[in-house]
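Results of the structural survey
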Amino acid sequence: MIKNPGEICLDEALLICQETLKKGRSENFMPLTVVVIDVAGVIRATLSEEGSSIVRPDIAYAKAWSCLAYGASTNTIRDILEDQPRLDKAFTGMQTMAGGKLIPTPGGIIIQKDKKNIGAVGVSGDRSAQDEICAIAGVESAGLIASHSS
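Below you will find a few notes about this structure. Everything numeric here is computed off the predicted structure, so don't read it as measured data. (Residues numbered from 1 in each chain as written. Predicted model: local features only at pLDDT ≥ 70, side-chain atom pairs only at ≥ 80, totals over all residues. Heavy atoms only, no water.)

1. Notes on the pattern of salt bridges
Two side chains of opposite charge can pair, provided their charged atoms sit close to one another. Test applied: The salt bridge criterion pairs a side-chain nitrogen of Lys or Arg with a carboxyl oxygen of Asp or Glu, the two atoms within 4 Å. Helix and strand definitions here come from DSSP, where helices need a minimum of 4 consecutive H or I residues and strands a minimum of 2 consecutive E residues; each element is numbered from the N-terminal end. Accessibility here uses a 1.4 Å probe with only protein chains present; expressed as a share of the type maximum, an area under 20% marks a residue as buried, one over 50% as exposed, and anything in between as partly exposed.
The final tally for this structure, using the stated rule, is 7 salt bridges. Here E12 and K113 are joined by a salt bridge, their closest N and O atoms 2.9 Å apart. You can see E12 sitting in helix α1 (residues 10–26) and its partner K113 sitting in strand β3 (residues 108–113), a full 101 residues away along the chain. The exposure class assigned to E12 is buried, which follows from its relative accessible area of 13%. For K113, a relative accessible area of 34% translates into the label partly exposed. A salt bridge links D131 to K63, with the shortest nitrogen-to-oxygen separation between them at 3.0 Å. Here D131, found in helix α5 (residues 128–141), pairs with K63, found in helix α2 (residues 56–70); they are 68 residues apart in sequence, far enough to count as distant. As far as the burial class goes, D131 and K63 line up, both buried.

Pasting the structure below:
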């Protein structure tokens, strides 16, 4: 089997998903969906809690995808757009080119190992700040680095 050394492994991705949901339950957050993708944007693992709405997997995937496409967490992307409103039109154009997969809403985090990007995680279900708390907890529980930039 050929394996890309920059790719997050299935065991790590599953652990991130499980620990992300565990954090959400411990905080009594709304039902969450979590998606972990590798550096090519391929879904490695995804889990949804009972009661998570039908659109949550798409939002969680888009948050993770945004991180890799932009090279920053979705929190950082949001901050950049808030600090530089003139970029709104450019970002709208990028969203169109990306088929709507760019979302500047917290809950997406870059996953790093040995100072390299190996994937990203996206979480959706509660308020964005809570989604991000769970994403970071899931990544760190797996012994990996939750990063806001590449």
